[in-house]
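One letter stands for each residue in the lines below.
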Amino acid sequence: MTPQDHIDQLFWWYFEKQLFTFFASERNNPSVNETLRTFKTAKEVAVRYSWNEDATLRFLRALGALGYLAEHNGYFKAVEKQLLRLSSSQTRAVNWFAAVPSLSEETSLFTESVPTLETLSRHCGAHSAPDFVKAAAHAQDTDALIGLAYDQFIVARFFTEHVLEATLREGRSQVQRALGLPSQQIFDHYGAHDSFLQLYSASFSFSNSAANAFVAEQVRFQENEFVLDVGGGAGGLCRAILNQQPNLNFAIYDHPNSARSIIAAQNMLRIELPTVRRAYGDFFNDTHGGLHGIDPDDRYAKIFLGWILHDWSDEQCVAILRRCGHHLQPTGTIYILEKVITNTVTNSRAILLDFLMLSMADGQERKLDEYKAICEKADLRIGFCITNPGRGRDIIGVEKG
Ligand SMILES: C[S@@+](CC[C@H](N)C(=O)[O-])C[C@H]1O[C@@H](n2cnc3c(N)ncnc32)[C@H](O)[C@@H]1O
């Protein structure tokens, strides 16, 4: 396993343990046992706990993807064997959580001036949980430590039992509760706290590197063509693509509030992109029909949207896609990079991400049909979809309608 796989696994392990701990504590209540002993619909479970029905369905699906619940035609039932196995490891989980920094420590890490690598390393090293320490030691490099620190803080913040319960009850993101601002402004928050955005951008570039390599291998680039990465952050995808085809007119577009931190993250990850143009603007700002901050006459052969649409509502996605469509050459392609929800049980990554997006950004993972519908509303159409056989993102190719 590579260091990156190791960290990736830790992320999901942490997420899984949070879901489970919440579920298990409920399970100590005898009526819960009874609730899920026989197959129940999400609606029945939602009524039983006074939870939001949509959020309940997404939560039960996530537990199903993790193997704790069996699902049959929209009905869910506990997999007793799995639960027993996990119950016996609950003490271990509780001890493990005790080792996660308290919210006050997290808060200082999010808001203090840019943390040094020493601070982050110390923070990771401070964990008594042997798995974390082992991972940090195993990784042995800066990128891995940053990825590790980020994963642990972001997930720690959003998956406390309290936040999880509130997400289920209210059926919406708990950004307001965790950060004190509307979920729509989550990226403004990142921008306002350099240290956090730097970590965030760095971690995205880092933790996506296998997925970025997949994109660079699958997409054919013509020499000198114009390529735009919308919301491209520190440039991880750009770096992977330029490794394959160095002669491109590549531009990365992102929010102006993120600019300073993105550059800091780029320095931290030693990403050097001397030939790449940076453009800044707000993709929700409608100035000339295209992307705010980009010349209205600029046209690109390829436009990437990597892990952008899953943060936003259908209406917002249509607006972003329409503006990208404005800058697309007539035969160009927009590449939506997301994990697509399929009906196969093995597609657990998308289902887990879906619940993560709900609680973090009021976002969602979508099925291909749902992408088709939002593309059509933006006068675009899906030409192809390349499924990533690994855990990374799938590639949806979108053309002018
Ligand atoms: C989830 S990250 C994805 C980063 C990168 N594309 C990747 O796949 O690793 C979302 C990116 O969108 C940018 N972003 C968020 N809101 C934006 C807006 N309104 N206009 C432009 N960029 C925005 C953020 O700064 C961030 O870099």
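Residues numbered from 1 in each chain as written. Predicted model: local features only at pLDDT ≥ 70, side-chain atom pairs only at ≥ 80, totals over all residues. Heavy atoms only, no water.

**Quick word on the pairing of strand β4 (residues 226–230)**
In terms of burial, β4 is a largely internal element, 4 of the 5 residues being buried. Alignment of β4 against strand β5 (residues 249–254), held across 5 bridges, turns out to be parallel. Bridging from a neighbouring strand, L228 pairs with A251 of β5. (Buried < 20%, exposed > 50% of the residue type's maximum accessible area, 1.4 Å probe, protein only. Helix = DSSP H or I, 4+ residues; strand = E, 2+ residues; numbered from the N terminus. Pairing = 2+ DSSP bridges.)

**Description of helix α19 (residues 348–361)**
Taking 1.5 Å as the rise per residue, α19 with 14 residues should run 20 Å; its terminal C-alpha atoms sit 20 Å apart, in good agreement. With respect to burial, α19 is a largely interior element, 13 of its 14 residues being buried. Note on α19: the residue one or two positions beyond its end, D362, has a positive phi of about 55°. (Expected span 1.5 Å × (residues − 1).)

**Regarding the confidence of the model for the protein**
Detail in the predicted coordinates should be disregarded across regions flagged by low pLDDT. Here the protein shows a mean pLDDT of 74. Residues at 70 or above account for 61%. Taken together, the stretch residues 1–10 has pLDDT below 50 and engages in 24 contacts with residues farther than four places along the chain or on a different chain. For the stretch residues 89–146, pLDDT sits under 50, and the model shows 94 contacts to residues farther than four places along the chain or on other chains. (pLDDT = per-residue confidence, 0-100. Contact = heavy atoms within 4.5 Å.)

**A closer look at the sheet that holds strand β3 (residues 75–78)**
Strand order across the open sheet formed by 3 strands is β1-β3-β2, with antiparallel pairing between neighbours. The open sheet has two free edges, formed respectively by β1 (40–41) and β2 (69–72), since each of these has just one partner strand.

**A look at the packing of helix α18 (residues 314–326) against helix α20 (residues 368–377)**
Relative to each other, α18 and α20 sit at 55°, their axes nearing to 8 Å. Classified by the interaxial angle, the pair formed by α18 and α20 is oblique. As α18 packs across α20, the resulting crossing turns out to be right-handed. Between α18 and α20, the residues in contact are D314, C317, V318, L321 and R322 and I374, C375 and K377, respectively. The residue makeup of the contact of α18 with α20, split by class, is 5 nonpolar, no polar and 3 charged. (Axes fitted to C-alpha atoms, helices over the stretch in contact; angles between N-to-C directions. Parallel < 35°, antiparallel > 145°, perpendicular 65-115°, else oblique. Left-handed = near helix turned anticlockwise from the far one by under 90°. Nonpolar A, V, L, I, M, F, W, Y, C, P; charged D, E, K, R; others polar.)

**Points about unusual backbone geometry**
With a phi angle near 65°, N224 is a residue other than glycine that sits in the positive phi range. Relative to the helices and strands, N224 resides in the loop between α15 (209–218) and β4. In this structure, W307 takes a positive phi of about 55° despite not being glycine. The exposure class assigned to W307 is buried, which follows from its relative accessible area of 16%.

**Re the environment of L309**
Examined against the element boundaries, L309 turns out to sit in the loop between β7 (300–306) and α18. On the basis of relative accessible area, L309 is assigned to the buried category, the value being 0%. Taking C-alpha positions, L309 is 8.7 Å from L337, a pair spaced 28 residues apart along the chain. Residues contacting L309, with those up to four places away along its chain left out, are C317, I320, L321, I336, E338, R366 and Y371.

**Digging into the environment of R323**
Positionally, R323 belongs in helix α18. Beyond its immediate stretch of four places on either side in the chain, R323 contacts F283, F284, N285, D286, G289, G290 and L291.

**Some thoughts on the pattern of salt bridges**
Applying the stated criterion across every chain, the model contains 13 salt bridges. Of the charged contacts in the structure, one is a salt bridge between K339 and D394, with a shortest N-O distance of 3.7 Å. Of this pair, K339 sits in the loop between β8 (328–338) and α19 while D394 sits in strand β10 (residues 394–400); the two residues are 55 residues apart in sequence, bridging distant segments of the chain. A single burial state applies to K339 and to D394, both of which are buried. R381 is the salt-bridge partner of E399, the closest N and O atoms lying 3.0 Å from each other. Pair noted here: E399 is in strand β10 and R381 is in strand β9 (residues 380–386), with a separation of 18 residues, a long-range link. Taken together, the shared-partner salt bridges in this structure form one network comprising D54, R58, R61 and D354. (Salt bridge = Lys/Arg side-chain N within 4 Å of Asp/Glu carboxyl O.)

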